[in-house]
Amino acid sequence: MNLNKALNKKAQGFTLIELMIVVAIIGILAAIALPAYQDYTKKARYSEVNTAVDGMKTAVTVCFHDLGTITGCSAGSNGVPAAPAATANMASITVVNGLITATGTAAAGAYTNVLTGTDTAGVLTFTQSGTCSAAKYCK
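Residues numbered from 1 in each chain as written. Predicted model: local features only at pLDDT ≥ 70, side-chain atom pairs only at ≥ 80, totals over all residues. Heavy atoms only, no water.

**Remarks on the sheet that holds strand β4 (residues 123-129)**
If you walk across this open sheet you meet the 4 strands as β1-β2-β3-β4, and the pairing is antiparallel. Edge positions in the sheet fall to β1 (90-96) and β4, since each has one partner strand and no second. Strand-to-strand twist of the sheet, defined as the mean angle between neighbouring strand axes without regard to direction, takes the value 15°. Sheet contacts for helix α2 (residues 16-67): β1, β2 (99-104), β3 (112-120) and β4; angle to β2, the most-contacted strand, approximately 170°. (Pairing = 2+ DSSP bridges. Helix = DSSP H or I, 4+ residues; strand = E, 2+ residues; numbered from the N terminus. Axes fitted to C-alpha atoms, helices over the stretch in contact; angles between N-to-C directions. Contact = heavy atoms within 4.5 Å.)

Next up, the structure:
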């Protein structure tokens, strides 16, 4: 009698179709998540470039207030530090008379961040441009 019960009992578990549907759903989610994660990683790497630009912006502002003019506020002079060396995320940064230009490496998206200092009646203002603005990597 126990043998008949065992033979008549329905097999339990997942069918092949159910497993294939789950695998397909996971594949679709991974296809959506992976590009978003890669963009997030590049933005995180590019934050090193933004941090370096902010430091130079502060130094140029102090130089401007000391000299009374933006002319002469270049990297390595009048209190503005020399441009830092390239890193894994920042290819270069230059400061010339208040114009700050920084470029990220390919790992960080290879975008540029340009801050242009302008003396407006004794007030220093910065205008941001470069390819990082359109990509929303810098604000």
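Having put the structure on the table, let's press on.
**Quick look at the state of the cysteines**
Under the counting rule described, the total for this entry stands at 2 disulfides. The disulfide that involves C63 links it to C73, with 2.2 Å between the sulfurs. On the S-S bond that ties C63 to C73, the torsion sits near -90°, and the link is left-handed. Within this pair, whereas C63 is found in helix α2, its partner C73 is found in the loop between α2 and β1, the two being separated by 10 residues in sequence. On the basis of relative accessibility, which here comes to 1%, the residue C63 falls in the buried class. Classification of C73 as buried rests on a relative accessible area of 0%. Disulfide pairing is shown between C132 and C138; the S-S distance is 1.9 Å. For the disulfide bridge between C132 and C138, the dihedral angle about the S-S bond is near 75°, and by the sign convention the bridge is right-handed. Per residue, the accessibility class of C132 equals that of C138, and both read buried. (Disulfide = S-S within 2.5 Å. Buried < 20%, exposed > 50% of the residue type's maximum accessible area, 1.4 Å probe, protein only.)

**Regarding the nonpolar core**
Generally speaking, a soluble globular protein has its nonpolar side chains buried in company with each other. With 24 residues, the main nonpolar core has V60, V80, I93 and I100 as its most contacted residues. Here the element with the most residues in this core is α2; it accounts for 9 residues. When residues no more than four places from it in sequence are discounted, the contact partners of V60 are I70, C73, V80, V95, G98, I100, L124 and F126. (Core = buried A, V, L, I, M, F, W, Y, C linked by side-chain atoms within 4.5 Å.)

**Quick look at the side chain of N89**
Inspection of the secondary structure puts N89 in the loop between α2 and β1. Residue N89 is classed as buried on the basis of its relative accessible area, which comes to 11%. A distance of 2.8 Å separates polar atoms of two side chains, one belonging to N89 and the other to E48. Excluding residues within four positions of it along the chain, N89 makes contact with R45, E48, V49, G104, T105 and A108. (Polar contact = N/O pair within 3.5 Å; in protein donor to acceptor, adjacent residues only side chain to side chain.)

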